[in-house]
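Each chain is listed here by its residues.
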Amino acid sequence: MSELLPISALQHYLFCPRQCALIHVEKVWVENRFTVEGRIMHRRVDSEQRGRRAGADQDLSVPLKSERLGLYGIADVVEMVPGPDGREIPYPVEYKRGSPKILDWDRVQLCAQAICLEEMLGLFVPEGAIFYGKPRRRDVVVFDDKLKLLVKETAMELHKMIAEARTPPPVKDKKCRSCSLAGECMPGLGNAKVESYLLSALKE
Amino acid sequence: MKKLLNTLYVTTQGSYLSKDGECIVVRSEDGSKKKFPVHVLDGVVCFGNVLCSPFLLGHCADSGLAVSFLTENGRFLAEVKGPQSGNVLLRREQYRRADDPVQTSAMARSFLIGKTVNSRTVLRRGLRDHGDRIDSGRLEKAALELDSYAKRLSSPLVLEEARGLEGRAANVYFNVFDELILKNDGEFTFTGRNRRPPLDKVNCLLSFVYTLLAHDVRSALEAAGLDPQVGFLHRDRPGRPGLALDVMEEFRSFMADRIVLTLINRGEVSSKGFSVKESGAVLMNDDTRRTVLQAWQKRKSDIVLHPYIKEKIPLGIAFHVQAKLLARCLRNDLDGYPPFFWK
């Protein structure tokens, strides 16, 4: 991989490849309520250094990277839990402002963190958890082969798009309503031909 | 879409702007103080001797707020902004197109169509609204001449032809512009466009409003990641914002010119609000400047239907929409640049 990309780009890519390109190719960023709430929630996580939870050591804001995936990022929380052979196994925990998603976006992001931990520490990371702000509960995520494959495939597609500096065309969808970049993307524009627009104005 | 925020225009000489938390504090020489939260602003424009603290400038740069310094008469001096942002690939594509004669002509044609169609609409509006009070024959003839340019613009044209057409369309329009000044008591006479310095009150008003338009268009282009200097219809000339001038063409008549006409025709500016220098240069006084700035801000809040994106937007946002459409055209999301047509 030529360049390390942020792990968060995986989630952007799965949400909408165009949104991902606007952020990571075109360097556009617009805040809305959701992005600000997410940032405030993370600031709270970032403000602490380390602690203990249910007998496990917790490290917060842990820098991560994987050469294989070509990704880097920061895990909100990594807990060290005792494994079967007595060695401690890292257990990544990600904080999300909303409610659990039906699709795999958040699980992919967490699994990418686990792959980073595996590569950096040379061990096997079987599971982690996502803490959701809405129901205020932890969802356990098992890093199975299917999820790991999805992470690798998404990372490859992401790298390809960024390397080509390509911004895919807009696709109008329900999710555009929650997207802070809708104003930049203009998804409703469709394929109105500019030439016929020009000609009809000239004829009036 | 970007909300229509407000530009803070500081015209009181000797004012000092500083940062207080998330606010801009404007102190006048007489000691009076006013506070404006940064998040409700999208720009600060300082006229004449207005000072800003470096911390305020830094804060504005961080928040994406352009701070510009103009002379008292509205001539652009400098702008303070943060590190270059936006997409370098987009700017490169802008340069490549500007180097390609075919692509440049296509872009120039779009800007010219915007200019011609909107100028024609302003003349037709004048005919419709005041046909009984003016020499409608002159206006009709000019509108018909613009029709013939419109016909010529229906098919592609080479760049030199586009630039020639631009000058002729402007001439036709300004030749009859005086017909649209209804309050003809000899105070506001217009015999053609002149500038640097303007030699009559109408030109003085026009120049000032064009400065405001240029400022807003330029900020919108920069916010969309484009280089305001590299234009298509307007040739590169060091220091000249060619692309901003290109995009201004479609806005001049219905944004700038009509504000000037309205201010004169409704008697909101009077000849007492101007002074004449020894050289014949005409300057406006503080009150007139304030009146024009208020009219400009008010015009920007007018809601219009954008004929291409088919969304209702405040006119002030139209600059940003056009900048984004231009960026999308350069990225090949669109098959051309769709100018804003005033209906």
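Residues numbered from 1 in each chain as written. Chains lettered and ligands numbered in written order. Predicted model: local features only at pLDDT ≥ 70, side-chain atom pairs only at ≥ 80, totals over all residues. Heavy atoms only, no water.

> Tell me about the pattern of salt bridges, residues and numbers included.
Residue and element names in this part refer to chain B. This structure, assessed with the given rule, holds 33 salt bridges over all chains. In this structure, Asp-147 engages Arg-120 in a salt bridge whose closest nitrogen and oxygen atoms are separated by 2.6 Å. Here Asp-147 is found in helix H4 (residues 136–152), whereas its partner Arg-120 is found in helix H3 (residues 101–130), with 27 residues between them in sequence. Here Arg-252 and Glu-249 are joined by a salt bridge, their closest N and O atoms 3.6 Å apart. You can see Arg-252 and its partner Glu-249 sitting in helix H7 (residues 242–265), 3 residues apart, about one turn around the helix. (Salt bridge = Lys/Arg side-chain N within 4 Å of Asp/Glu carboxyl O. Helix = DSSP H or I, 4+ residues; strand = E, 2+ residues; numbered from the N terminus.)

> Which residues make up the sheet that holds strand E4 (residues 33–37) of chain B, and what are the values?
Residues and elements named next belong to chain B. Spatial ordering of the open sheet is given by E4-E3-E2-E6, a layout of 4 strands whose pairing is mixed. Every interior strand has two partners, whereas the edge strands, E4 and strand E6 (51–52), have only one. Across 5 bridges, the pairing between strand E2 (residues 16–20) and strand E3 (residues 23–27) is antiparallel. Within E3, the position partnered with Asp-20 by the bridge is Cys-23. On top of the sheet, helix H1 (residues 54–62) reaches E2, E3 and E6; it is set at about 65° to E2, its chief contact. (Pairing = 2+ DSSP bridges. Contact = heavy atoms within 4.5 Å. Axes fitted to C-alpha atoms, helices over the stretch in contact; angles between N-to-C directions.)

> Requested: an account of the packing of aromatic side chains, with residues and values cited.
All names here are of chain B. Taken as a whole and assessed by the stated rule, the structure comprises 19 aromatic pairs over all chains. Look at Phe-174 and Phe-190: their rings are 5.8 Å apart centre to centre, the planes differ by 40°, and that puts the pair in the tilted class. On the criterion of sequence distance, the pair formed by Phe-174 in helix H5 (residues 159–175) and Phe-190 in the loop between H5 and helix H6 (201–223) is long-range, its members being 16 residues apart. Side by side, Phe-174 and Phe-190 carry an identical accessibility label, which is buried. Here Phe-251 and Phe-319 contribute two aromatic rings whose centre-to-centre distance is 4.8 Å and whose plane-to-plane angle is 70°, an arrangement assigned as edge-to-face. With a gap of 68 residues between them, Phe-251 in helix H7 and Phe-319 in helix H9 (residues 315–330) connect regions that are remote in the sequence. By relative accessible area, Phe-251 is classed as buried at 0%. Judged by its relative accessible area of 2%, Phe-319 is buried. Three or more aromatic residues joined by ring pairs make a cluster, and in this case those are Phe-251, Phe-254, Trp-296, Phe-319, Phe-340 and Trp-342. (Phe/Tyr/Trp six-rings, centres within 6.5 Å; stacked < 30°, edge-to-face > 60°. Buried < 20%, exposed > 50% of the residue type's maximum accessible area, 1.4 Å probe, protein only.)

> How would you sum up helix H2 (residues 17–24) of chain A? Please name residues and give values.
Counting buried positions along H2(A) gives 7 out of 8 residues, so the element sits mostly inside the fold. For H2(A), the set of buried residues is A:Arg18, A:Gln19, A:Cys20, A:Ala21, A:Leu22, A:Ile23 and A:His24. Its buried side turned inward, H2(A) meets strand E1 (5–6), helix H1 (8–15), helix H5 (145–163) and helix H6 (182–185) of chain A together with H9 of chain B.

> Provide a residue-level description of helix H7 (residues 194–203) of chain A, including the pertinent values.
Three or more residues of H7(A) are buried, namely A:Val194, A:Tyr197, A:Leu198, A:Ala201 and A:Leu202. Seen from one end, H7(A) has its buried residues packed into an arc of 130°, which puts them on one side. (Arc of directions from axis to C-beta.)

> Report on the interface of chain B and chain A, specifying residues and quantitative values.
In this complex, chain B contributes 31 residues to the contact, which on the side of chain A involves 22 residues. Summed over both partners, the interface of chain B with chain A buries about 2300 Å², with 58% contributed by carbon and sulfur atoms. Contact with chain A buries area across many residues of chain B, yet B:Tyr308, B:Arg328 and B:Asp335 alone supply 24% of it, more than any other trio. Our count for the contact surface shared by chain B and chain A stands at 2 salt bridges. Between B:Arg109 and A:Glu195 there is a salt bridge, with its nearest N and O atoms 2.8 Å apart. (Buried area = accessible area lost by both parts, 1.4 Å probe.)

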